[in-house]
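So the chains spell out like this:
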Amino acid sequence: MKLGIVGLPNVGKSTLFNSLTKAGAESANYPFCTIDPNVGVVSVPDFRLGLLANLYNSRKVTPAVIEFVDIAGLVKGASKGEGLGNQFLANIREVDAIVHVVRCFDDANVIHVDGSVDPIRDIETINLELIFADLEVLERRISKTARSAMNDKSLAAELKTLKKLQALLEEGKEAKMLEPEDEDEAAFIATLNLLTSKPVIYAANVTEDDLADDGASCPYVQKVRAFAKEEGSQVFVICAQIEEEIAELEDDEKKMFLEDLGLSESGLEKLIAASYDLLGLISYLTAGEQETRAWTIKKGTKAPQAAGKIHSDFERGFIRAEVVNYQELLDAGTYAAAREKGLVRLEGKDYVVQDGDVILFRFNV
């Protein structure tokens, strides 16, 4: 999973990126200090891995990972080349979802590119630039397709969809608001990789004082939540500076620090949970003496395709899956005991893998 961290200059993008990845991306109080996208790979926290590793005395523990891309600040006119312009827009096309960092704090010492704090204006500035960029893509595609569509029914259908999307964007609406007529149209829209088709999570960056009540008393956060609700997006509240402090601590210290702040989880944990929910992802587990590992898949994935995550041979030669819920396995004490109690199930090609399944795949190629 690849998430792009975006927002206007000086809203806390690079500070947040640093705290998430400990990658040390340069962070400064001026626009465009992040000129090349910084990429960091983050482990997905999963308490189940440690418990299973202890059960099996595993030599290695491998969590699932998320890749974060910190992308340079966007300004009004980016689609026409202002600021870092199209460089930003090209980078963001590669991500699965957008984490849009929105400034929800007042601080006279931190310059705002538009001179004042207004989260909805900031969101709309970026959204409009994404719409303009998508319109350019559609115009080129329409021009190319129109020449061949007269003699090709499939291209005529594509042209119709392209024009529907163009009309929607010209109204200032995002591509994700178009309801596809059927699966074929949905599949075609997906191939266009439009920026405004990507799911969005808003990260409301607040002061430490507003963090304790999850932004409930911050009017800026309330505005962002109302906006996100209208478009069906998610919001999580974060204090990027606090996250940067948390990132430097050991696990035990981290827990105490969060408790002192009245928090049950870090911003990274909140972001990962929101990302998994937004993208419809779950994790299944494999465990043994060599390695205990988490594998990320889409909800609804069947056993052979889940096996293919490990190796294509597992999917090609799939025979069956031996499946046990991680908690039932832990309660039983050993895999053999779980099998004796009838907790280990033999599942075939139509089995839909569930979150927390511990699976042993049988295959033959």
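Residues numbered from 1 in each chain as written. Predicted model: local features only at pLDDT ≥ 70, side-chain atom pairs only at ≥ 80, totals over all residues. Heavy atoms only, no water.

## Some details on the overall build of the protein chain
The criterion, for reference: A run of DSSP states H or I qualifies as a helix once it reaches four residues; a run of E qualifies as a strand once it reaches two. Both are numbered from the N-terminal end. Burial classes: relative accessible area under 20% of the type maximum marks a residue as buried, over 50% as exposed, and values in between as partly exposed (1.4 Å probe, protein chains only). Two residues form a contact once any of their heavy atoms are found within 4.5 Å.
Across its full length, the protein chain carries 15 helices and twelve strands. Evaluated residue by residue, the protein chain yields a buried proportion of 48% over its 365 residues. The long-range fraction of contacts in the protein chain, counting pairs at least 24 apart against all pairs at least 6 apart in sequence, stands at 68%.

## Observations regarding the pattern of salt bridges
We apply this condition: Each reported salt bridge corresponds to a side-chain nitrogen of Lys or Arg within 4 Å of a carboxyl oxygen of Asp or Glu.
A complete count under the given rule lists 18 salt bridges for this structure. In this structure, Asp313 and Arg316 form a salt bridge, with 2.6 Å as the shortest nitrogen-oxygen distance. Here Asp313 pairs with Arg316, and both are found in helix α13 (residues 312-316), just three residues apart, close to one helical turn. Here Glu347 and Arg345 are joined by a salt bridge, their closest N and O atoms 3.0 Å apart. Owing to a relative accessible area of 30%, Arg345 belongs among the partly exposed residues under this scheme.

## Here we look at the packing of aromatic side chains
Threshold: When two rings of Phe, Tyr or Trp (its six-membered ring) have centres within 6.5 Å they constitute a pair, described as stacked for plane angles under 30 degrees, edge-to-face for angles over 60, and tilted for the intermediate range.
Applying the stated criterion across every chain yields a total of six aromatic pairs. Between the aromatic rings of Tyr284 and Trp295, the centroid separation amounts to 6.5 Å while the plane-to-plane angle is 20°, which identifies the pairing as stacked. Pair noted here: Tyr284 is in strand β8 (residues 281-286) and Trp295 is in strand β9 (residues 291-298), with a separation of eleven residues, a long-range link. For Tyr284, a relative accessible area of 0% gives the class buried. Given the relative accessible area of 11%, Trp295 is considered buried.

## As for the nonpolar core
Formally: Within this scheme, the nonpolar core is defined by two criteria: the residues are buried Ala, Val, Leu, Ile, Met, Phe, Trp, Tyr or Cys, and they are joined through side-chain atoms within 4.5 Å.
Membership of the largest hydrophobic core comes to 73 residues, with the highest contact counts inside it found for Phe68, Cys104 and Tyr202. Top contributing element to this core by residue count: helix α11 (residues 267-279), with six residues. Once residues within four sequence positions are removed from consideration, Phe68 is found in contact with Leu3, Ile5, Phe17, Leu20, Thr21, Asn38, Val39, Gly40, Val42, Leu268 and Leu271. Judged by nonpolar contacts, the second largest core, of 17 residues, contains Ile131, Val137, Leu178 and Leu194.

## Structural notes on a negative patch on the surface
What counts here: A patch is a set of surface residues, each over 30% in relative accessible area and not in a salt bridge, joined within 9 Å for like charges and within 5 Å for the nonpolar side chains Val, Leu, Ile, Met, Phe, Trp and Tyr. Each accessible area is a Shrake-Rupley estimate made with a 1.4 Å probe; only the visible protein chains count as cover when residues are assessed. When charges are counted, Lys and Arg are positive and Asp and Glu negative, with His and the chain ends excluded. In plain terms, the charge of a residue is placed at NZ if it is Lys, CZ if Arg, CG if Asp and CD if Glu.
Among the surface-exposed residues, Glu250, Asp251, Asp252 and Glu253 lie close enough to one another that they form a single negatively charged patch. Tracing the chain through its elements places Glu250 in the loop between α9 (240-247) and α10 (251-260).

## Section: the packing of helix α4 (residues 119-149) against helix α5 (residues 153-170)
Short version of the rule: Angular values range over 0 to 180 degrees, each being the angle between N-to-C directions of two axes fitted as lines to C-alpha atoms, with helices fitted over their stretch in contact. Should an angle fall under 35 degrees it is called roughly parallel, over 145 degrees roughly antiparallel, and 65 to 115 degrees roughly perpendicular, with every other angle called oblique. Each crossing gets its hand from how the near helix is turned against the far one by less than a right angle, where anticlockwise is left-handed and clockwise is right-handed. Classes in brief: Ala, Val, Leu, Ile, Met, Phe, Trp, Tyr, Cys and Pro nonpolar; Asp, Glu, Lys and Arg charged; the others, Gly included, polar.
α5 packs onto α4 with a crossing angle of 155° between their chain directions and a minimal axis gap of 9 Å. The angle between the axes of α4 and α5 places the two elements in the roughly antiparallel class. Between α4 and α5 lies a crossing whose hand is left-handed. Along the contact surface, α4 presents Ile131, Asp134, Leu135, Leu138, Glu139, Arg141, Ile142, Thr145, Ala146, Ser148 and Ala149, while α5 presents Leu155, Ala156, Glu158, Leu159, Leu162, Lys163, Leu165, Gln166, Leu169 and Glu170. When the residues that make up the contact of α4 with α5 are grouped by side-chain class, the tally is twelve nonpolar, three polar and six charged.

## Concerning helix α6 (residues 183-192)
Operational definition: Arc definition: it is the arc formed by the directions from the helix axis to the C-beta atoms.
All of the buried residues in α6 are Glu185, Phe188, Ile189 and Leu192. What you see down the axis of α6 is that its buried residues fit within an arc of 100°, all on one side. In this structure, α6 carries Glu183, Ala190 and Thr191 as exposed residues pointing more than 90 degrees from its buried face. Next to the buried residues of α6 lie α4 and α5.

## A word on the confidence of the model for the protein chain
Detailed reading of predicted coordinates is not advised where the pLDDT is low. Defined as follows: Values of pLDDT, which run from 0 to 100, indicate the predictor's confidence residue by residue.
Summary statistics for the protein chain give a mean pLDDT of 86 and a share of 88% for residues scoring 70 or more. pLDDT under 50 marks residues 28-35. Its contacts with residues more than four places away, or in other chains, come to 25 contacts.

## Some points on the sheet that holds strand β1 (residues 2-6)
How we decide: In this scheme, strands are said to pair when DSSP sees at least two bridges between them.
Strands sit in the order β2-β4-β1-β5-β6-β7 across an open sheet of six strands; the sheet is mixed. Edge positions in the open sheet fall to β2 (38-43) and β7 (234-238), since each of these has one partner strand only. The mean inter-strand angle of the sheet, taken between neighbouring strand axes irrespective of direction, is 25°. In the sheet, β1 pairs with strand β4 (residues 65-70) via four bridges, with the strands oriented parallel. Bridge pairing in β4 links Leu3 to Phe68. Across the face of the sheet, α11 comes into contact with β1, β2, β4, β5 (97-103), β6 (200-205) and β7 while running at roughly 175° to β7.

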